[in-house]
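Each chain, letter by letter, is given below.
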Amino acid sequence: DRQQVVNFGAGPSALPTSVLEKAAKGLLNYNDNGIGLVELSHRSKDFAKLNDDLESIIRTQLDVPSTHHILFTQGGGSGQFSSVVMNLLARHTLLHPDLKPEERVMDYIVTGSWSKKAYEEANRLAGGKAVANLVVDARRTSKDGKSFDNVPQPSEWKLSPAANTAFIYYCENETVDGVQFSDSSFPHHLLENSFNPPLVADYSSSFMSRPIPRIADHALIFAGAQKNIGPSGLTILIVRNDVLVDVDAAYKLGANPVPLTMAYKTLADSKSLYNTPPMFAMYVSLLVLQDIQAKGGLGPLEEVNRQKQAILYDVLEGYEEKGILKLKVQKGSRSWMNVTFEFVDKQVEKTFLESAESKGLKQLKGHRSVGGIRVSLYNAITEEQVKSLISVLHASLGA
Ligand code: PMP
């Protein structure tokens, strides 16, 4: 029974039960049509309204300026690793057609497993037309020289000359490693001096957990829905007008061709309806966002999320001082959404996981690539549930 379980999984992850119950009704009979949501045409009036409502609730809650489009597509965060490269190289080619391939760069700030993957995809897709530049690899500024455990100080960053830079890329919250630009947020002052290259951010695992600082400074923000707001299958894009470029015109100037379904301009021109969008995922996401709005919006939600991580890190720091466990990420870069640590004694770790499982606290194992424990505190997790986890932790350590 769901009532007996707390799902601390990193994604796809817990969603509010009341929302899923409502979604289950709409799956069978949407708006009293006698037709379920996934059986409607995506060109129907009902779905057009859903599309508009989802756009406007995101716009209102995140305070998205009118310079930016909000678009819905498929392909996940990983799909965007590719789309970003193709669209922004097309844009840069239109602006600077005469640059040599080695002069056209994509700047990647690598602070964890996901930005590393995005950087690798940029290298693959550059196709001899540009190069991906590693602005900083956070493993070099880590405690052990090999883990992602920090957001490096901006003084460590080696940004490329602005006019050569097709975009600057970062991942706001690194889901696997538990590293977030949390305390300070992206250092926008670095970009303020000259021509600003487009700033791109992967917000997959922190989207809608709190307001986005300086959202207007971003050329593109993308997020898969399957952490804080809904089912997988939906990818949300917040795209500034100047990123909606004619990819075919860029192709004539030497850029690589871009599939139409991945071109941001195609999505914007069709209001996200160039082809069939992920209708059910959009529906559930709308219900989740309406639920957030009914509870006061992102302001109160941010406070709850702040409190959840604060009480958990506080307890973990206490055990770290006693030498029982190690928090994986350095202070100042710790994620609010994914709390990562490991027990010094692997037998203790095993006992903790077993006792948590027996109390219905699930999906606490760290990502297979890094091991240890990962507690994901997405929106659907309550403060009370975090306290249950803390009780189980105390009990399994005999405290
Ligand atoms: N970026 C981040 C920060 C993620 O957490 C994930 C998925 N966990 C991805 C990208 C990839 O998302 P998808 O599985 O939707 O391609």
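Not measured: the values here are computed from a predicted model.

Here is what the cut-offs are and how they apply
Residues numbered from 1 in each chain as written. Predicted model: local features only at pLDDT ≥ 70, side-chain atom pairs only at ≥ 80, totals over all residues. Helix = DSSP H or I, 4+ residues; strand = E, 2+ residues; numbered from the N terminus. Rg over C-alpha atoms; globule rule 2.2 N^0.38 Å. Buried ≥ 20, exposed ≤ 12 C-beta atoms within 10 Å, placed from the backbone. Contact = placed C-beta atoms within 7 Å. Domains from an automatic or database assignment. Nonpolar A, V, L, I, M, F, W, Y, C, P; charged D, E, K, R; others polar. Pairing = 2+ DSSP bridges. Near = placed C-beta within 6 Å.

1. Description of the overall build of the protein
Then, in step 1: Tallying secondary structure elements over the protein gives 10 helices and 14 strands in all.
Then, in step 2: Against the globule reference of 21 Å for 399 residues, the protein gives a C-alpha radius of gyration of 22 Å, in line with a compact fold.
Then, in step 3: Taken over the C-alpha atoms alone, the protein extends approximately 70 × 60 × 30 Å along its principal axes.
Then, in step 4: The buried share among the 399 residues of the protein stands at 45%.
Then, in step 5: Nonlocal contacts in the protein, meaning residues at least 24 apart in sequence, comprise 72% of its contacts between residues at least 6 apart.

2. Describing the domain arrangement of the protein
Then, in step 1: Examined at the domain level, the protein breaks down into domain 1 (39-292) and domain 2 (298-396).
Then, in step 2: Spacing between the C-alpha centres of domain 1 and domain 2 amounts to 29 Å.
Then, in step 3: In this assembly, 25 residues from domain 1 lie in contact with 22 residues from domain 2.
Then, in step 4: Of the residues that constitute the side of domain 1 that touches domain 2, the class distribution is 6 nonpolar, 13 polar and 6 charged.

3. Overview of the pairing of strand β9 (residues 220-224)
Then, in step 1: With 5 of its 5 residues buried, β9 lies for the most part within the structure.
Then, in step 2: Where burial is concerned, the two faces of β9 agree: the one with L220, F222 and G224 and the one with I221 and A223 are both buried.
Then, in step 3: Both strand β8 (residues 199-202) and β9 contribute to a ladder of 3 bridges, which runs parallel. From the neighbouring strand, A201 faces β9, where its bridge partner is I221.
Then, in step 4: As paired elements, β9 and strand β10 (residues 235-240) share 5 bridges and run antiparallel to each other. Residue L220 lies in a different strand from β10, and its bridge partner there is V239.

4. With respect to the site of the ligand
Then, in step 1: If you check the shell around the ligand, you find G11, G76, G77, S78, W114, C171, T175, D202, S204, S205 and G224 and nothing else.
Then, in step 2: Taken together, the residues of the shell around the ligand sort by class into 2 nonpolar, 8 polar and 1 charged.

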